[in-house]
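So you can see what is in the structure, the chains are spelled out below.
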There are 2 protein chains.
Amino acid sequence: MTLQGVTAAQGFLASATTAGIKPSGKPDMALVVNEGPSFAAAAVFTRNRVVASPVKHSRLAVADGQLKAVVYNSGNANACNGRQGDADAQAMAEATAQGIGAETQDVAVCSTGLIGEVLPMLNVHTGIAALGQALSTTGGHSAAEAIMTTDTVSKETVFNGQGWTLGGMGKGVGMMAPSLATMLVCLTTDAVASPQALSQALHAASDKTFNTLDVDGSTSTNDTVILMSSGASGVEPTQEELDAAVLAVCSDLADQLQADAEGVTKRVKITVRGTSTDAQALNAARTLGRDNLFKCAMFGSDPNWGRVLAAVGMAEADMDPDRISVYFNGQPVCIDSCGAPGAREVDLSGPDIDVIVDLGLGGEGVAFVRTTDLSHAYVDINSAYSS
Amino acid sequence: MTLQGVTAAQGFLASATTAGIKPSGKPDMALVVNEGPSFAAAAVFTRNRVVASPVKHSRLAVADGQLKAVVYNSGNANACNGRQGDADAQAMAEATAQGIGAETQDVAVCSTGLIGEVLPMLNVHTGIAALGQALSTTGGHSAAEAIMTTDTVSKETVFNGQGWTLGGMGKGVGMMAPSLATMLVCLTTDAVASPQALSQALHAASDKTFNTLDVDGSTSTNDTVILMSSGASGVEPTQEELDAAVLAVCSDLADQLQADAEGVTKRVKITVRGTSTDAQALNAARTLGRDNLFKCAMFGSDPNWGRVLAAVGMAEADMDPDRISVYFNGQPVCIDSCGAPGAREVDLSGPDIDVIVDLGLGGEGVAFVRTTDLSHAYVDINSAYSS
């Protein structure tokens with residue numbers, strides 16, 4: 001257990017506590033504090049127009065490129081609670097700020113859990129007091145555990161640069177472990193980096209990692225990825241080095257999130273090429289990745305390439321409908337929109353399935369998404385949740 | 001059994017046969033012939049860009065507003081078979097035309113079944129010969145049975161006008177009984193009507209009926225709805241009368257298709273209002289109707305309105321994210337984006353669930369879609385299909 005996630009980098013403290021928000025009695029609050037000397041930060045948030053109160057607060061908090069802490073609770077999303085929810089998110093930031101001697105607007109708030117239940121603020125305040133007491137330079141693992149909801153394992157990662165470190169934790173995954181769908185990620189580094197450099201690295205990495213995880217098209221009201229820099233190493237990596245490091249840790253966390261996604265028996269990577277632009281290729285990959293007929297076929301290990309064509313035929317992407325080709329695990333199953341010999345016998349029984357779709361225009365556009373099958377367990381988990 | 005579907009109207013003959021295309025040995029070909037004196041026709045086809053060979057042929061055949069017959073086969077979609085598929089569809093039309101003394105371009109072809117398997121043309125030709133022999137004025141019910149795939153009951157309908165009749169049959173349903181997803185509908189009338197009048201009535205009715213059935217967003221490569229008029233009654237209804245009649249039979253068939261959809265335990269009607277335009281309301285209704293988290297909640301009779309907000313928040317529709325309201329079976333569960341008292345106790349245990357979403361802008365836009373739950377049976381049926 002040398003991995004310490006958000007406390008791997010110098011200048012960061014973390015803690016966790018059980019505040020009684022989760023009925024299970026498991027840890028349900030966490031705190032990550034940046035001790036500086038720098039407080040540069042960047043974040044990406046859910047694209048959903050219905051956003052939870054903590055997202056509204058955190059967007060404002062990070063707008064100046066500075067954060068000193070992030071306070072987390074699991075078990076309650078504090079979404080769709082109206083002005084009460086906004087006030088409660090604000091109160092969480094305020095209490096945390098008082099505890100660590102910071103301004104309210106330097107504290108971000110992340111919540112995950114059921115939508116539409118008011119936060120038990122007495123528990124929350126007791127929890128925040130405990131979090132402040134428990135802060136330590138080895139608290140990263142406890143924090144990663146406390147933000148879990150239906151995750152079966154905590155997700156942590158560390159990247160070691162030349163004299164500097166980037167670590168992080170994550171939970172759930174928007175669009176993937178949908179029972180409690182929120183994806184929360186916190187990344188911390190002791191590299192010296194401006195808010196702009198952090199933002200550039202984080203947005204680029206998110207596009208290539210978290211945003212390619214697309215399982216059922218559902219998008220949480222709470223998704224938040226935060227990157228904070230303490231500058232405590234005194235080392236300033238180049239933008240390229242920073243980009244590469246952030247991409248590496250985001251990729252690692254995305255892999256961990258996909259591997260732990262609920263109800264999943266297959267991990268499916270879909271690559272689309274041969275269309276005009278990357279954006280069109282992404283449209284087609286997403287359309288296929290969201291097609292329930294295709295996802296059921298993957299669950300059944302069924303090389304039913306006809307469903308691939310039927311799905312991509314509805315995508316907003318340039319294609320030659322008579323020259324589409326499909327490969328399952330490297331084997332051609334459809335060439336020029338016709339079945340290839342042996343297509344029905346391709347073995348898809350393993351847990352990983354690789355799908356390549358060529359839209360037949362010979363264009364430069366290419367993109368991929370990671371998705372999953374549609375299984376009985378998915379239906380189980382998501383039909384027996386709030387009630 | 002007075003209902004005769006496509007042979008209810010004067011001037012139409014129909015027949016069915018078992019050609020050996022289906023492994024089950026059940027009837028798998030049907031023929032509907034218009035004896036005139038008029039041969040006006042209109043059709044709507046799948047919006048998928050990957051279209052089956054019979055759709056390519058039928059689009060051309062109906063382009064002049066005239067059809068004398070439609071030949072059907074079930075058990076094989078003749079989709080994604082390349083030039084062989086095109087030639088086979090053409091050969092089906094040609095053989096049928098020869099049998100009834102018509103031109104190839106006056107015969108439409110509809111196929112439904114597995115994608116990517118070449119048609120067994122020896123069986124098909126034997127079948128077409130048998131269909132020609134068996135034509136009768138009471139063949140409508142047999143024809144409706146022969147076009148079934150995973151349907152459990154045949155779907156027929158009759159509308160009686162003032163001195164004229166409109167009848168029809170349907171099978172499957174695009175986006176709804178997705179195992180063999182194709183929706184095929186054939187409507188016949190002895191009313192006197194121009195191709196333009198038929199087309200206007202058919203497009204308007206399809207938009208309000210078949211196009212509001214949206215269960216998983218999957219769209220078949222073969223969907224075809226054909227309306228033929230013999231004019232044999234000598235009665236020419238007004239456009240309004242024709243519109244109303246076509247809407248009535250399309251509604252009836254859509255209801256039958258929804259009721260027989262596979263793997264369905266709940267029928268869910270989603271109405272969206274309070275946004276700027278009908279098109280935006282439809283976007284939002286479709287987005288919700290395709291959201292797997294919402295559909296799983298419906299399967300579980302779970303009044304989880306938070307998932308409704310999370311889903312519509314991603315829709316391309318104008319909304320006030322703080323003033324969204326949701327009603328389940330007439331009871332408010334969310335008002336102004338906050339939970340309503342008793343929301344978690346709303347009873348959704350019945351087979352029909354009515355959902356109303358108000359996007360809070362007070363606009364005139366309104367639309368509805370009919371969808372279903374996401375059940376274990378859906379996963380079963382669609383994970384064990386081609387292999």
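Here the structure is a predicted model, which is why all the values come from computation and not from measurement.

> Report on the UniProt feature "active site" (unreviewed entry) in chain A, specifying residues and quantitative values.
When the UniProt feature table is mapped onto this chain, "active site" (unreviewed entry) is found at Thr182 of chain A. Within the secondary structure, threonine 182 of chain A sits in the loop between strand S7 (165–171) and strand S8 (184–189).

> Please give an account of the sheet that holds strand S13 (residues 338–339) of chain B that cites residues and values.
The strands making up a sheet associate through backbone hydrogen bonding, with each pair oriented either parallel or antiparallel. Residues and elements named next belong to chain B. Strand order in the open sheet formed by six strands is S13-S12-S11-S14-S10-S15, and the pairing between neighbours is mixed. Across the chains shown, the open sheet's two edge strands, defined by having one partner strand only, are S13 and strand S15 (365–372). Here helix H7 (residues 278–289) sits on the sheet in contact with strand S10 (267–275), strand S14 (352–358) and S15, set at roughly 25° to S15.

> Break down unusual backbone geometry for me, with residues and values.
Residues and elements named next belong to chain A. Look at the link from glycine 36 to proline 37: it is a cis peptide, with omega at 15°. Looking at the element boundaries, proline 37 is found in the loop between strand S2 (29–34) and strand S3 (41–45). For asparagine 329, which is not a glycine, the phi torsion comes out positive at approximately 50°. Take asparagine 329: it is sitting in the loop between strand S11 (325–328) and strand S12 (331–335).

> Go over the pairing of strand S3 (residues 41–45) of chain B, please, and point to the residues and values.
Residues and elements named next belong to chain B. For S3, the tally of buried residues reaches five of five residues, placing the bulk of the element in the interior. Residues Ala41, Ala43 and Phe45 point to one face of S3 and Ala42 and Val44 to the other, with burial holding for every one of them. Where S3 and strand S9 (residues 224–229) come together, five bridges link them in antiparallel fashion. When the sheet's bridge partners are listed, alanine 43 is paired in S9 with isoleucine 226.

> Let's hear about the pattern of salt bridges: which residues, and what values?
Following the criterion strictly, the structure yields 14 salt bridges over all chains and no others. Notably, a salt bridge pairs lysine 56 of chain A with aspartate 322 of chain B, separated by 3.4 Å at the nearest N-O pair. Linking lysine 56 of chain A in helix H1 (residues 53–62) with aspartate 322 of chain B in the loop between helix H9 (305–312) and strand S11 (325–328), this pair reaches from one chain into another. Judged by its relative accessible area of 46%, aspartate 322 of chain B is partly exposed. One salt bridge in this structure joins aspartate 86 of chain B and lysine 56 of chain B, with 3.5 Å as the shortest N-O distance. Separated by 30 residues along the polypeptide, aspartate 86 of chain B in helix H2 (residues 82–100) and lysine 56 of chain B in helix H1 (residues 53–62) bring together distant segments of the chain. Residue aspartate 86 of chain B is classed as partly exposed on the basis of its relative accessible area, which comes to 31%. Overall, lysine 56 of chain B belongs to the partly exposed group, its relative accessible area being 28%. One salt-bridge network, in which partners are shared between bridges, spans Lys56 and Asp86 of chain A together with Asp322 of chain B.

Definitions and limits used
- Residues numbered from 1 in each chain as written.
- Chains lettered and ligands numbered in written order.
- Predicted model: local features only at pLDDT ≥ 70, side-chain atom pairs only at ≥ 80, totals over all residues.
- Heavy atoms only, no water.
- UniProt positions renumbered as here; feature names shortened; annotations may be inferred.
- Helix = DSSP H or I, 4+ residues; strand = E, 2+ residues; numbered from the N terminus.
- Pairing = 2+ DSSP bridges.
- Contact = heavy atoms within 4.5 Å.
- Axes fitted to C-alpha atoms, helices over the stretch in contact; angles between N-to-C directions.
- Buried < 20%, exposed > 50% of the residue type's maximum accessible area, 1.4 Å probe, protein only.
- Salt bridge = Lys/Arg side-chain N within 4 Å of Asp/Glu carboxyl O.

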